[in-house]
Amino acid sequence: MDSMEKKISDYIDSLNKEKRPKEHGLYSNGKGKEVEGESAEYEKLMDTVRTVRTLKEYEEPRVDLEEQLLENIREYQKSNRNRKRLFYGAMAAVIAITLFVASFMNTKGDIVQAMVASYKDLKAYHGIIEIIYMNEVGEETVQGKREVWADESGRYVVQELEGSFAGEKTVNNGSKKWHVNPKEKIVEVYEAFPDTSRFTFEIGNEIQNIQNALQVKEMGEDRIYDKPAVKIAVTPQGGETYYLWIDKGTSLPIQRETPMQNAVQYRVTYVELESIEFVPEELFTYEVPKGYTEADRSLEQVVASTQEAEERLGFKPVVIEEKSDTLILKNRTVDTVNKIFKIYYKIKGMNQEKDGNFILLQKEFDSTYETTATSILGTVNGNQAEYIPSLKEDGRNLISYATSYGETSEIALIRWQENGYEYGFIGDVDIETLMEIGSELIGREVSFVINDKEYNEFQPEMDVKVDLVAEENTQKSVDSGSSPWKLDPAYVASVEASILVSPDGIVGESPIEYEDIEIIYNDGIKAIAEIKGKDSSVQKIYMEKLIRKDETGIWTVIGYDVVE
Amino acid sequence: MSIKRKEVTKLEINEEISLEKMCLDTWKDLYQFIYYKVQNKEEAEDITQETYMRVLKYIERTQPTIENQLGYLKVIALNIIRDHWRKQKKVGSTLQIEDVKSECLESEDFSNAMINQAWIKEALQSLSIEQRRIIELRIIKGYSAAETAKVMKKNEGTIRVIQFRALKTLAKVLYQVEESIR
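Draft legend 1. Molecular detail of the sheet that holds strand β8 (residues 227-235) of chain A. All names here are of chain A. Taken together, twelve strands build an open sheet; the order of strands is β7-β8-β9-β10-β11-β1-β2-β3-β4-β5-β6-β12 and the sheet is mixed. At either end of the open sheet lies a strand with only one pairing partner, and these are β7 (215-224) and β12 (293-296). Here the average twist between neighbouring strands, direction ignored, is 20°. Both strand β4 (residues 169-172) and strand β5 (residues 176-181) contribute to a ladder of four bridges, which runs antiparallel. For V171, the partnering residue across the bridge sits in β5 and is W178.

The following block contains the structure:
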């Protein structure tokens, strides 16, 4: 049978089921699948089907659509009010909020809603986690077993029970984080925040991932260690679909299975999980066992006041203009080696289910400062600033963060230079909150343009033909760890400019160096690079994230301007 | 429909209540309009939501006075549909909200449903009885290929072949009519 006959029949079936056919493309909530352009003949046939179908009575929408629409408007206005607070005076931050994603989140099935509600009520939990490693032929090996205690304020204790780390313990008590290693007889001490490496299968983290996911789909019922569970498929914004099992009794996740990548797959299970009122306080007490040495991996020392900080650092700390009710001052620290002053805050509320963390950072001018190529550009007080959505994506140039151990959580950074200092806002919150808190604290105008669809300078003189299938394949290989440079617009621009300069192939050194590239615009989805190299016949390279529009999406060159 | 920019607008005065009211007043008609275009509930619901989000952003940015709210929303909805479908078709252009004339919207609106229906029914007459029956079962009644095969006492493959030929004939007739109208 002709494939077009089958395709048009499938198209009719989709409409009959009241589902969006794949041919109708991708929407801003991430549903649907982008497909290649169809032939004109097939387009006509699809139009014809829809035209004939207008003879049929239209299908009523779901009963709660009206409520959903009103809810979306209220959500938007709520977030708009927050922004207006941020913009008062001369402030002019422009943010296109992906509220549609938020509204989609609200439509993600009862099981997810139940899980969010259950987590909200969870004060603390205690469990045993088993980590199983699976190879491509299905052979399973227990990689480790660990006991975890965690509470709603983000404190946790992880005791390794089995596996190569057996006996080791990691604790974060909100004031400090430490790692006890009995083999080495050492206790390593770190800052409590930013803690970019927490523990695998942390329940709050899992739920946040689901809320941020593109798609969540129920797959049916199952049993995990004799507990009835619902299996769901989660498609994150960056990456492949993985599976999660939700305990029907507690509505909490109890098992996660990663997709097979490079012939390796992991299954992590709470073989035991109990909700508790609190974690025994003695578990959070810091002590160095007898015979152990203490290694302070943190260069930070707590100071009692800004006056003391000034004395220790030799420069005047930034003036705090406003003290918000939502911010609770935790402590101030100095790092006298790197000349860094930090003020730690706990964030209460701020559109979040659990408390967040915020750090205001000030550092003496450093000539090695340079913007990170993958960051989104904006301004603070008229100075160029950068927003890095996830510190785990790019640790280069960033000031002393935690080690890579276990799983990471999203911690974002806004930083810039002003009057001889480098400043930073660091937090496990979204960009709006980060901007709002930071600008109110120190009275700076903060302006970032995120995904500005109407950016009118994005008009290349020459278009580059894009092979979307090839780009999709490249995205997959980048997802599995290959060609990470495709995530760096400066690198992509340097390669493209080199190819344009040397169309017959690059011999010897690349004619356009990475250093010759300056990213002059980057809103996270679109970017423009200017070529500084004198050999280049190309002046500007225009790039866009065509396959996935988040920090894991690859950059594709879509056009360029030639040197006049 | 016309859209004017003013320094102070009704929407600004009581923006929040007005927006909710606008939504309550218009969403059913808007949904129906979008459904008419996309012919499936899932997509129509999504585009309805996206349309209001876009209008919120547009109002916030330009503060226009909107005299014909539904017409305004329909233009935005059409642009959303075109934006996404254009990725596949690589044709069509975005309607600028300020530039939209009422007659342009009318032609997109298919508001005269009676004329349209008569036009489609006439086009169906160009099919053989068997083809017409299969198109009615598959598209208007919403039967699956298997159900249609059972009713027509044919196999599914044959149903798909007849359906395909019927659609090609219909497309020819409908596009011919459309072009002669232009």
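Draft legend 2. Structural context of the pairing of strand β14 (residues 327-335) of chain A. Residues and elements named next belong to chain A. Sheet topology places strand β13 (residues 301-303) next to β14; three bridges connect them, and they run antiparallel. Pairing of Q301 across the sheet is with V334, part of β14. Note that β14 and strand β15 (residues 340-347) share eight bridges and pair antiparallel. Residue N331 lies in a different strand from β15, and its bridge partner there is Y344. Hairpin connection between β14 and β15: a loop of four residues separates the two successive antiparallel strands, and K339 in this loop has a positive phi of roughly 60°.

Draft legend 3. Structural context of the packing of aromatic side chains. Residue and element names in this part refer to chain A. Tallied over the full model, the rule gives 17 aromatic pairs over all chains. On the numbers, 4.9 Å between centres and 80° between planes, the contact of W178 with Y286 is edge-to-face. Here the residue W178 occupies a position in strand β5, and Y286 occupies one in the loop between β11 (264-276) and β12, the gap between them amounting to 108 residues. The partly exposed category is assigned to Y286, whose relative accessible area is 22%. In this structure an aromatic cluster arises from ring pairing among F315, Y345, F358, W416, Y421, Y423 and F425. Between the NZ or CZ atom of K231 and the centre of the ring of Y243, over which it lies, the distance is 4.4 Å. A cation over a ring is seen here: R444 above Y423, with NZ or CZ 5.5 Å from the ring centre.

Draft legend 4. Representation of the environment of T372 of chain A in the model. Tracing the backbone through its elements, the reader meets T372 of chain A in the loop between β16 (356-364) and β17 (376-380). Taking the C-alpha atoms as reference, T372 of chain A lies 8.1 Å from I388 of chain A; in sequence the two are 16 residues apart.

Draft legend 5. Region of the structure containing helix α9 (residues 468-479) of chain A. Residue and element names in this part refer to chain A. Between the first and last C-alpha of α9 there are 16 Å, a value that for twelve residues agrees with the 16 Å anticipated at 1.5 Å per step. All buried positions along α9 are accounted for by E471, Q475 and V478. In a view along the axis of α9, the buried residues occupy a sector of 65°, so they form one face of it. Among the residues of α9, the N-terminal cap falls to D467, whose side-chain oxygen and the backbone nitrogen of V469 are separated by 3.2 Å. Looking one or two places after α9, you find G481, whose phi comes out positive at around 105°.

Draft legend 6. Expanded view of the packing of helix α2 (residues 40-53) of chain A against helix α7 (residues 129-140) of chain B. One way to put it is that α2 of chain A packs onto α7 of chain B with a least axis distance of 10 Å and a crossing angle of 80°. Taken together, the axes of α2 of chain A and α7 of chain B lie roughly perpendicular to each other. Residue-level contacts link V49, V52 and R53 of chain A of α2 of chain A to I135, I139 and I140 of chain B of α7 of chain B. Its residues placed into classes, the contact of α2 of chain A with α7 of chain B shows five nonpolar, no polar and one charged.

Draft legend 7. Looking closely at the nonpolar core. All names here are of chain A. Grouped together as the largest cluster of nonpolar side chains are 34 residues, with contacts concentrated most on Y125, F199, I232 and Y270. By residue number, the principal contributor to this core is helix α5 (residues 110-121), which donates five residues. In contact with Y125, not counting residues within four places along its chain, are V148, W149, A150, F199, E202, I203, Y270, L273, E274 and I276.

Draft legend 8. Local environment of helix α1 (residues 3-16) of chain A. Residue and element names in this part refer to chain A. The terminal C-alpha atoms of α1, which comprises 14 residues, lie 20 Å apart, in line with the 20 Å expected from a rise of 1.5 Å per residue. For α1, the buried fraction is high: ten of the 14 residues fall into the buried class. Restricting attention to buried positions, one finds in α1 the residues M4, E5, I8, S9, Y11, I12, D13, S14, L15 and N16. Just past α1, the residue E18 takes up positive phi, approximately 60°.

Draft legend 9. A look at the confidence of the model for chain B. Residue and element names in this part refer to chain B. Residues at a pLDDT of 70 or more form 66% of chain B, whose mean pLDDT is 73. The element-level mean pLDDT for chain B is lowest in strand β1 (residues 3-5), coming to 32, with α7 highest at 92. Of the regions scoring below 50 in pLDDT, residues 1-14 engages in 33 contacts with residues more than four places distant in sequence or in other chains. Predicted confidence for residues 88-112 stays below pLDDT 50, and this span has 50 contacts to residues more than four positions away or in other chains.

Draft legend 10. View of the sheet that holds β16 of chain A. Residue and element names in this part refer to chain A. Spatially, nine strands are ordered β13-β14-β15-β16-β20-β19-β18-β17-β21 in an open sheet, and the strand pairing comes out antiparallel. The sheet is open, and its two borders are formed by β13 and β21 (446-448), each paired with just one other strand. Going across the sheet, the axis of each strand differs from the next one's by a mean of 25°, ignoring polarity. Lying on the sheet, helix α8 (residues 431-442) is in contact with β14, β15, β16, β18 (383-388), β19 (412-418), β20 (421-427) and β21; it crosses β20 at an angle near 135°.

Draft legend 11. How the structure looks around the confidence of the model for chain A. All names here are of chain A. Averaged over every residue, the pLDDT of chain A is 79; residues scoring 70 or more account for 81%. Highest mean pLDDT in chain A belongs to strand β10 (residues 253-257) (94); lowest belongs to helix α4 (residues 99-105) (33). Low confidence marks residues 26-36, where pLDDT is under 50. Its contacts with residues over four positions away, or in another chain, come to 38 contacts. A low-confidence stretch, residues 83-107 (pLDDT under 50), is modelled with 66 contacts involving residues beyond four sequence positions or located in other chains.

Reading the values: the criteria
Residues numbered from 1 in each chain as written. Chains lettered and ligands numbered in written order. Predicted model: local features only at pLDDT ≥ 70, side-chain atom pairs only at ≥ 80, totals over all residues. Heavy atoms only, no water. Pairing = 2+ DSSP bridges. Helix = DSSP H or I, 4+ residues; strand = E, 2+ residues; numbered from the N terminus. Axes fitted to C-alpha atoms, helices over the stretch in contact; angles between N-to-C directions. Phe/Tyr/Trp six-rings, centres within 6.5 Å; stacked < 30°, edge-to-face > 60°. Buried < 20%, exposed > 50% of the residue type's maximum accessible area, 1.4 Å probe, protein only. Lys NZ or Arg CZ within 6 Å of the ring centre and 35° of its normal. Expected span 1.5 Å × (residues − 1). Arc of directions from axis to C-beta. Polar contact = N/O pair within 3.5 Å; in protein donor to acceptor, adjacent residues only side chain to side chain. Parallel < 35°, antiparallel > 145°, perpendicular 65-115°, else oblique. Contact = heavy atoms within 4.5 Å. Nonpolar A, V, L, I, M, F, W, Y, C, P; charged D, E, K, R; others polar. Core = buried A, V, L, I, M, F, W, Y, C linked by side-chain atoms within 4.5 Å. pLDDT = per-residue confidence, 0-100.

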